[in-house]
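These are the residues of each chain, in order.
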Amino acid sequence: MSVPNALRALTGTPQTLNTRKKETTMITAMQQTAPDYTAIKAKQNAAWASGDYARIGVTLQITGEELAEAANPAPGARVLDVAGGNGNATLAFARRWCQVTSTDYVDTLLQAGRARAEAEGLDVTFEVADAEHLPYADQSFDMVVSTFGVMFTPNQKKSASEMMRVLRPGGRIAMANWTPDSFIGHLFKTLGRHVPPPAGVQSPALWGTDDWIAEQFADGSREIALKMKNFNFRYASTQHFVDIFKTFYGPVHKAFLALGDSAPALEADIVETVERFNIATDGTMLVPSEYAQIVITKA
């Protein structure tokens, strides 16, 4: 029973005193355990704004290009990039002559995407927007896309429903999301052992599982195509990767700052995680990380 329904039940037909007390207790517990999404997003915003994610984001550009090919957009298609970061999907779809609106709730990330688009002479609209409350009318876009972005929203069901809401019938949602068993999935588990995630917030890697995608999108969809792919993280060495991520990748950067004197333990665990996945044999780092490439066609 939702909180509003429970409240209506309390003020509706006569009930026994004990029943009323139980339902009041249930409502209080639900209100106390519901995540404070506003506070969580404020902290996330600060984390992603720290460091310089664009330095890492540009290395993932191939995933945006492959996603655009899988989505097969028509020239002129109205495309919304949700949690677009520094613009990997934005640029990929704009290069295919789409009318792209690139959004994120971190303005500094949008600035990086804007600079990239201007350098290529691409006509893209950049707007600050919350993926959980998209400021667009129903059925405004032909495609809604995201590469490793929307998966990090704390209210996952809300952001999924917002993507469907602003998409026209017959339009497509296209996403690239890390999977739970991927290298990045394990990296975030490593971080979580040292800096626990907010209570009540589910793992972002759920967006890389077919069951969760079906649960969120099947009812309003005509087709869901999910394909597992790998992105290769290539660095000069394991230590090079650690140094880059703790300097530029917001969540890792913030974790090291928060831990203070305990930071070396986190670094040791990250090194161990990298070495478990590293397939390079020449002292460098080559780590494949699985992700789900998803294309959903709305009914």
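Before going into details, it helps to say that this report is about the structure given with it. (Residues numbered from 1 in each chain as written. Predicted model: local features only at pLDDT ≥ 70, side-chain atom pairs only at ≥ 80, totals over all residues. Heavy atoms only, no water.)

## Here we look at the packing of helix α11 (residues 238-248) against helix α13 (residues 263-277)
Thought 1: With their axes 10 Å apart at the nearest point, α11 and α13 run at an angle of 125° to one another. Our classification of the angle between α11 and α13 gives oblique. The interaxial crossing formed by α11 with α13 has right-handed handedness. When α11 is examined against α13, the residues T238, Q239, F241, V242 and K246 are found in contact with a partner set consisting of E267, I270, V271, V274 and E275.
Thought 2: Taken together, the residues of the contact of α11 with α13 break down into 5 nonpolar, 2 polar and 3 charged. (Axes fitted to C-alpha atoms, helices over the stretch in contact; angles between N-to-C directions. Helix = DSSP H or I, 4+ residues; strand = E, 2+ residues; numbered from the N terminus. Parallel < 35°, antiparallel > 145°, perpendicular 65-115°, else oblique. Left-handed = near helix turned anticlockwise from the far one by under 90°. Contact = heavy atoms within 4.5 Å. Nonpolar A, V, L, I, M, F, W, Y, C, P; charged D, E, K, R; others polar.)

## So, the sheet that holds strand β1 (residues 78-81)
Thought 1: Pairing is mixed across the open sheet formed by 7 strands, whose spatial order is β3-β2-β1-β4-β5-β7-β6. The open sheet is flanked by β3 (125-128) and β6 (221-235), the only strands paired with a single partner. Here the average twist between neighbouring strands, direction ignored, is 20°.
Thought 2: When strand β5 (residues 167-178) meets strand β7 (residues 285-298), the two strands line up antiparallel, connected through 7 bridges. Residue A174 lies in a different strand from β7, and its bridge partner there is V295.
Thought 3: Helix α8 (residues 156-165) contacts β4 (141-147), β5, β6 and β7 of the sheet and is inclined by roughly 140° relative to β5. (Pairing = 2+ DSSP bridges.)

## Things to note about the pattern of salt bridges
Thought 1: Across all of its chains, the model carries 12 salt bridges by this definition.
Thought 2: Put simply, R96 and E65 hold a salt bridge, and the shortest N to O gap is 2.8 Å. Of the two residues, R96 sits in the loop between α6 (88-94) and β2 (99-104) while E65 sits in helix α5 (residues 61-71), which places them 31 residues apart along the sequence. Per residue, the accessibility class of R96 equals that of E65, and both read buried.
Thought 3: Between K157 and E215 there is a salt bridge, with the nearest N and O atoms lying 3.1 Å from each other. (Salt bridge = Lys/Arg side-chain N within 4 Å of Asp/Glu carboxyl O. Buried < 20%, exposed > 50% of the residue type's maximum accessible area, 1.4 Å probe, protein only.)

## Some remarks on helix α7 (residues 107-120)
Thought 1: Compared with an ideal rise of 1.5 Å per residue, which puts 14 residues at 20 Å, α7 spans 20 Å between its outermost C-alpha atoms and is within 8% of the ideal.
Thought 2: Buried within α7 we find L109, L110, G113, R116 and A117. Along the long axis of α7, the arc covered by the buried residues comes to 120°, so they all point the same way. Turned more than 90 degrees away from the buried face of α7 sit E118 and A119, all of them exposed.
Thought 3: Where the residues of α7 are buried, they touch α3 (37-49), α5, α6, β2 and β3. (Expected span 1.5 Å × (residues − 1). Arc of directions from axis to C-beta.)

## What about the environment of L80?
Thought 1: You can see L80 is positioned in strand β1.
Thought 2: Look at L80 and you get buried, because its relative accessible area is 0%.
Thought 3: Among all residues touching L80, those that are not within four sequence positions of it are T101, T103, L134, Y136, F141, M143, V144, V145 and V166.

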